[in-house]
Amino acid sequence: LSPIVVKYLSVAAKASRGATIRCAPYLLEIIKQSLCWRVDSVFRERKNKKPSLNETSFEDAVSPFVALDDNIFSALQKLIILLTDASIDSRNFDSFEFRKISIDVNDAVVRFIRDMFSVLDPSRVHKLAMVYFARFVTKQGKHWNDRDSKITGLRCSWETTKLRLNAVTLFVRFPEFMK
């Protein structure tokens, strides 16, 4: 490629940075609404169906929580990994705009996981939460340098610690939604 094309491609790549994760809160909300609608339709169908005498035993009772199949669950895990890695990328802390996007995406991921406790099997949601928190301690597959942020002067590790504290705060506030 010519140097001019390389220059324009790098300018375009820098301009589009952050656009891919900027839509993450909307994507997670759509996934959550879709899962909730599907679970609701399953329970409505079950409620409308007349149980026979054989279905009235305790073993035939429907659990209030739903377990996803392995393909959908692994896709949710991969999505959480990708979004968490993108939100804790150390390059996000070099501009106020990307820092805000990073905080918004991180909060959206945590709210999504928190809201899944009301729909999915708690052991599966617990695994999603552990996948989320594991991304803060693993180095595999990330662009990460612990250096001073260009906008706040704080170390990038301090910025990610603030993201973790926000996540814990959102999980701790979970009982407020049960009232």
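Residues numbered from 1 in each chain as written. Predicted model: local features only at pLDDT ≥ 70, side-chain atom pairs only at ≥ 80, totals over all residues. Heavy atoms only, no water.

**What about the overall build of the chain?**
Then, number 1: Looking only at helices and strands, the chain features seven helices and zero strands.
Then, number 2: Starting at the N terminus, the α and β elements of the chain follow one another as α-α-α-α-α-α-α.
Then, number 3: Counting every position in the chain, which comprises 179 residues, the buried fraction comes to 30%.
Then, number 4: Pairs at least 24 apart in sequence give 73% of the contacts found in the chain among residues at least 6 apart.
Then, number 5: In the structure as shown, the chain presents an accessible area of about 11,700 Å², 62% of it carried by carbon and sulfur atoms. (Helix = DSSP H or I, 4+ residues; strand = E, 2+ residues; numbered from the N terminus. Buried < 20%, exposed > 50% of the residue type's maximum accessible area, 1.4 Å probe, protein only. Contact = heavy atoms within 4.5 Å. Areas by Shrake-Rupley, 256 points an atom, 1.4 Å probe, with all protein chains shown as cover.)

**A short note on the layout of surface pockets**
Then, number 1: Here the largest pocket defines a volume of roughly 240 Å³.
Then, number 2: Lining the largest pocket are Ile-31, Ser-34, Leu-35, Arg-38, Val-39, Val-42, Val-66, Leu-68, Ile-72 and Leu-76.
Then, number 3: Going through the elements one at a time, helix 3 (24-48) and helix 4 (70-87) are the ones with two or more residues in the lining of the largest pocket.
Then, number 4: By residue number, the principal contributor to the lining of the largest pocket is helix 3, which donates six residues. (1 Å grid on protein atoms, 1.4 Å probe; cavity = no way out; pocket = protein on both sides within 12 Å on 5 of 7 lines; lining within 4 Å. Points joined across faces, edges and corners; volume = space filled by probe spheres on them.)

**Here's the deal with the nonpolar core**
Then, number 1: In terms of nonpolar packing, the biggest core is built from 33 residues, with Leu-28, Ile-80, Leu-83, Val-105, Val-109, Ile-113 and Tyr-132 touching the most fellow members.
Then, number 2: Among the secondary structure elements, those contributing two or more residues to this core are helix 3, helix 4, helix 5 (96-116), helix 6 (122-134) and helix 7 (156-172).
Then, number 3: Among residues more than four places away in sequence, those in contact with Ile-113 are Ile-80, Val-125, Leu-128, Ala-129, Tyr-132 and Phe-171. (Core = buried A, V, L, I, M, F, W, Y, C linked by side-chain atoms within 4.5 Å.)

**Examining the pattern of salt bridges**
Then, number 1: Counted by the stated rule, this structure contains seven salt bridges.
Then, number 2: In this structure, Arg-124 engages Asp-70 in a salt bridge whose closest nitrogen and oxygen atoms are separated by 3.3 Å. Of this pair, Arg-124 sits in helix 6 while Asp-70 sits in helix 4, and the two are 54 residues apart along the sequence.
Then, number 3: When its relative accessible area of 22% is taken as the criterion, Arg-124 is described as partly exposed.
Then, number 4: Judged by relative accessible area, Asp-70 falls into the exposed class, the value being 58%.
Then, number 5: Measuring nitrogen to oxygen at the nearest pair gives 3.1 Å for the salt bridge that ties Asp-104 to Lys-100. Of this pair, Asp-104 and Lys-100 both sit in helix 5, separated by four residues, roughly a single helical turn. (Salt bridge = Lys/Arg side-chain N within 4 Å of Asp/Glu carboxyl O.)

**Examining the confidence of the model for the chain**
Then, number 1: For the chain, per-residue confidence averages 76 on the pLDDT scale, and residues scoring 70 or more make up 66% of the total.
Then, number 2: At the low end of the mean pLDDT range in the chain sits helix 1 (residues 3-16), at 67; at the high end sits helix 6, at 91. (pLDDT = per-residue confidence, 0-100.)

**Notes on the packing of aromatic side chains**
Then, number 1: Evaluation of the coordinates by the stated rule reveals one aromatic pair.
Then, number 2: Ring geometry for Tyr-132 versus Phe-133: centroids 4.9 Å apart, planes at 70°, classification edge-to-face.
Then, number 3: Using a relative accessible area of 24% as the deciding quantity, one classes Phe-133 as partly exposed.
Then, number 4: Sitting over the face of the ring of Phe-73, Arg-124 holds its NZ or CZ atom 3.9 Å from the ring centroid. (Phe/Tyr/Trp six-rings, centres within 6.5 Å; stacked < 30°, edge-to-face > 60°. Lys NZ or Arg CZ within 6 Å of the ring centre and 35° of its normal.)

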